[in-house]
Amino acid sequence: MNSRLITLVILLAATSTYGLSAQRFSRLSGSIVDQSGAALPGVTVVANDRTRGSRHEVSTDRNGRFELIGLVEGSYVLEADLPGFETFHENLALNGQDLSRDITLQIGSLEETVTVINDPNAAPAAPSERYAPLPADCGPSTGDAGGARIGGQIRVPRKIRHVAPIYPQASPAGIVTIDAVIGTDGFVKEANVTNDAPDALTRSAINAVRQWEFDPTLLNCEAVDVRMSVTVDFR
Amino acid sequence: MNLLLEFAIKISLVVALGLLAASVLHRRSAALRHWMLTASMAAALATPLLMQVAPAWRLPVSANVAPVDHVSARELTSGRAPRIGITTSVEAESRIVSSPTAFDPTATLIGIWFAGVVANLTGLLIGLWRLRSIAARATIVHEGPWVNAARELSDHFGLRTPTTLLQSDRPALLVTWGFFAPKVMLPVDAASWDEDRIRVVLAHELAHVRRHDWIIQIGSELVRIANWFNPLVWLAASRLRLESERACDDAVVNLGVSGREYAEHLLDLARQFGRARQVPIPAVAIVPRPSNLERRVIAMLNARLSRHPVSGAARLATLAALLAVAIPIALFAQNTFATLSGRILDQSGAVLPGVVVVATDRDRRVKHEVRTDGTGQFEIVGLPQGGYSLQASLPGFQNFDEQLTFSGENIQRDITLSIGTLQETISVTSGPSKAPFPPGGPYKPRPANCGPGGPRAAAPPQRDGAVRVGGQIRQPTKLYHVAPVYPDGSSAGVVRISVVIGPDGYVQETQVTNDAPPALAQSALDAVRQWVFEPTLLNCVAVPVKMNVTVDFS
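Residues numbered from 1 in each chain as written. Chains lettered and ligands numbered in written order. Predicted model: local features only at pLDDT ≥ 70, side-chain atom pairs only at ≥ 80, totals over all residues.

Caption draft 1: Focus on the overall build of chain B. From N to C terminus, chain B includes eleven helices and 22 strands. A sequence separation of at least 24 residues applies to 74% of the contacts in chain B between residues at least 6 apart. (Helix = DSSP H or I, 4+ residues; strand = E, 2+ residues; numbered from the N terminus. Contact = placed C-beta atoms within 7 Å.)

Caption draft 2: Looking closely at the nonpolar core. Formed by 96 residues in total, the largest nonpolar core has its most connected members in Val209(A), Ile344(B) and Ala524(B). The element that contributes the greatest number of residues to this core is helix 11 (residues 518–528) of chain B, accounting for six residues. Filtering out sequence-adjacent residues up to four positions away, Ile344(B) remains in contact with Val351(B), Leu352(B), Val355(B), Thr372(B), Gly376(B), Phe378(B), Ala392(B), Ile415(B) and Leu417(B). Core analysis: the next-biggest nonpolar cluster, separate from the first, contains 65 residues, Ala190(B), Ala207(B), Val209(B) and Ala251(B) among them. (Core = buried A, V, L, I, M, F, W, Y, C linked by C-beta atoms within 7 Å. Buried ≥ 20, exposed ≤ 12 C-beta atoms within 10 Å, placed from the backbone.)

Caption draft 3: A look at helix 4 (residues 145–157) of chain B. Residues and elements named next belong to chain B. In this model, helix 4 (13 residues) spans 18 Å end to end at C-alpha, consistent with the 18 Å of a helix rising 1.5 Å per residue. Listed as buried for helix 4 are Trp 146, Ala 150 and Leu 153. Looking straight down helix 4, one finds its buried side chains confined to an arc of 75°; they lie on one side. Set apart from the buried face of helix 4 by more than 90 degrees, the exposed residues are Arg 151 and Asp 155. At its buried positions, helix 4 is contacted by strand 4 (164–167), strand 6 (183–186) and helix 5 (195–211). Immediately downstream of helix 4, the backbone of Gly 158 shows phi near 75°, a positive value. (Expected span 1.5 Å × (residues − 1). Arc of directions from axis to C-beta.)

Caption draft 4: The arrangement of the packing of helix 4 of chain B against helix 5 of chain B in detail. Residue and element names in this part refer to chain B. Here helix 4 crosses helix 5 at 45°, and the two axes come no closer than 9 Å. In this view, helix 4 runs oblique relative to helix 5, as classed from their interaxial angle. Handedness of the crossing formed by helix 4 with helix 5: right-handed. Only Glu 195, Ile 198, Arg 199, Leu 202, Ala 203, Leu 206, Ala 207 and Arg 210 of helix 5 make contact with helix 4, whose side of the interface consists of Pro 145, Trp 146, Ala 149, Ala 150, Leu 153, Ser 154 and Phe 157. Taken together, the residues that form the contact of helix 4 with helix 5 break down as eleven nonpolar, one polar and three charged. (Axes fitted to C-alpha atoms, helices over the stretch in contact; angles between N-to-C directions. Parallel < 35°, antiparallel > 145°, perpendicular 65-115°, else oblique. Left-handed = near helix turned anticlockwise from the far one by under 90°. Nonpolar A, V, L, I, M, F, W, Y, C, P; charged D, E, K, R; others polar.)

Caption draft 5: Inspection of the environment of Ala299(B) at higher detail. The residue Ala299(B) is located in helix 9 (residues 290–301) in this model. Residues contacting Ala299(B), with those up to four places away along its chain left out, are Arg246(B), Asp249(B) and Leu305(B).

Caption draft 6: Molecular detail of the sheet that holds strand 1 (residues 25–34) of chain A. All names here are of chain A. The strand order across the open sheet built from three strands is 4-1-7, with neighbouring strands paired in mixed fashion. Since the sheet does not close on itself, it has two edges, and those belong to strand 4 (65–72) and strand 7 (98–105), each with one partner. Sheet twist, expressed as the average angle between the axes of neighbouring strands with direction ignored, equals 20°. Here strand 1 pairs with strand 7 via eight bridges, running parallel. Counted as the bridge partner of Ile 32 is Ile 103 from strand 7. (Pairing = 2+ DSSP bridges.)

Caption draft 7: Region of interest: the pairing of strand 16 (residues 226–234) of chain A. Residue and element names in this part refer to chain A. Of the two faces of strand 16, the one lined by Val 226, Met 228, Val 230, Val 232 and Phe 234 is fully buried and the one lined by Arg 227, Ser 229, Thr 231 and Asp 233 carries no buried residue. With seven bridges connecting them, strand 8 (residues 110–116) and strand 16 associate as parallel partners. Residue pairing across strands places Glu 111 opposite Ser 229, the latter belonging to strand 16.

Caption draft 8: The arrangement of the pairing of strand 5 (residues 74–81) of chain A in detail. Residues and elements named next belong to chain A. Note that strand 2 (residues 44–49) and strand 5 share six bridges and pair antiparallel. Residue pairing across strands places Val 45 opposite Ala 80, the latter belonging to strand 5. Relative to strand 6 (residues 88–94), strand 5 is paired through seven bridges, and the arrangement is antiparallel. Note that in strand 6 the partner of Ser 75 across the bridge is Ala 93.

Caption draft 9: Highlighting the sheet that holds strand 8 of chain A. All names here are of chain A. Here we have four strands laid out as an open sheet, ordered 8-16-11-12, and mixed in their pairing. The strands lining the two open edges of the sheet, one partner per strand, are strand 8 and strand 12 (188–193). Sheet twist, expressed as the mean angle between neighbouring strand axes with direction ignored, is 25°. Bridge analysis of strand 11 (residues 174–182) against strand 16 gives nine bridges, and the strand direction is antiparallel.

Following this line, the structure appears as structure tokens:
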């Protein structure tokens, strides 16, 4: 018999056993950046194995990179979480492939609840005085680490002018929820009612919220738009 | 286990590569094929060394287990405590009860491998010893046609060290061996051979000497012995031997002997030696083995075959090509993933569901977390090699903490969680002594409220093969409290006492654990010994529980 053939067969057998011995484990890696493209270190990245109920947790390194290896076949939920940012969720089906995910975390949204009490005797609340906005004080740059721009520095907006909504006369109680966007100049750019509230209440609430002013929200020393959800409780 | 497999597979790949190269080069000279196989054997020998230096390679096969101190504490305030100014909490403390894996196949496999190596190595050593003893009995040939031919051929081959010719007393022994002082052993009737045969045989043997075939063959034998379980290595070793003989056959033909004539010599020698009993000797020889005779004769009669020795450039080129493939194979480290599984029990042997088990990969800072299921089982799959800390925690129990090293092996751990420790701190100020609380007493403990039918009735009905689920702890409540009295004229101080509360609720053992003034210690002990608790129940059975009391005299 041809010895070349024997050798080839043996070689094939050896390589195929090598292939069989490798189980199907996935590697999930990637980087996490904020919306300005700067790397986010210290983000908690979790792969929740829904098939087995186990979770695999790792934090991004100084360059915003993460790597999880040894993920068994199954369906996963990938989560990335950093305080100040919106939590990222993604469903993944892993079957031995290596996946790379570059994730952008969006800046979190503000939440505010205002209660307006129907008290005819009370004087209508005057607009608060306007505070001077804080300077965008970012201090000396922390410098780059290994070329990646490090992000994740958020200056939380502070309200510098508040206007309380006025309870409309003879209106029933109700709750108005508003989705607003604070622009880079600190003024309210958009305000939309998101629930089904009486007209008089929504007018009053929108009217007040549109007059609010904020310090701009700073992400890595640059002003960014930020979403705000306001709940006005008329009672 | 996985590492052994990885080891074997890598060597198989490297050796198979050499065999494949030898097959592909079947029209080229035997010397080239021999060189390829030698290089692949050397690469196989180097593979374990390369794997050692590669960063991905991690050593031993079995898991190291080292216990560590406890880490964190868990608070569990008992209901009654605030009223008497005592904080009672359960503190975690680690206790490790892990059962060894029942059967470790790795150790057995290593044992089998080692036994095989010893057996094969013994065979080789016996062969060498036999060669030595035959040589000791042989006489050195100083003159005659053999010596003349040897001198002439040595000059022709450019051999610097003279080759010793030995005349043995055996009829069928014609072998060459030795690296620094090469020797050729001639059979008993060698003196009567005709000049042509002497020249042909000596040319072949001296070609071996020139090509260092003997030491290469010994090296390949060592590789074969270490990989005795691997048929590919056996194949490569025998092919190497064949190619070395064919390369020497070619060297003889290159001297001007015709292929046909040489083939006749080979057949004659095979006929003559075939009648005698062959002893296995680790040396190279012209006399064909029966299995190789046909191939060598056919190769001699085939005039189209290349018979050139390998040039230095060809050697370098083939070696570079082979190493370029073999080194990545050796260095390639497949990530092997292990599974950690086991069961978690309380100290009564009942399984604990809902225990959070966390394996933290200390190198990669990855936490793998899972909860035990309804039968107390847990399994974490896909743990890469490295050092881990394994933690198991359940409220009311001491935290379990253990250091593990994974090297691709699966690990099975059955963990027993011990019931937590009570913690109490009392402040005593100098002044009028307080009455015992509540006055009177001692008190009867609450009934062990484990269902209508008494303590055991609440346990879930036992099904066949079902596991007993545990983890029900009734926190102890203090029934009778006596405050320590501040001793007159004593300085302030802190007394720490380690207490064991017995299953009956009475204080069983007390021990002062710090260096406190004797007056304070005595006062604290006097008070603590009078305390009465409801028994601590684990799955409706009263168990002793440890308690640490801190009395602060201020």
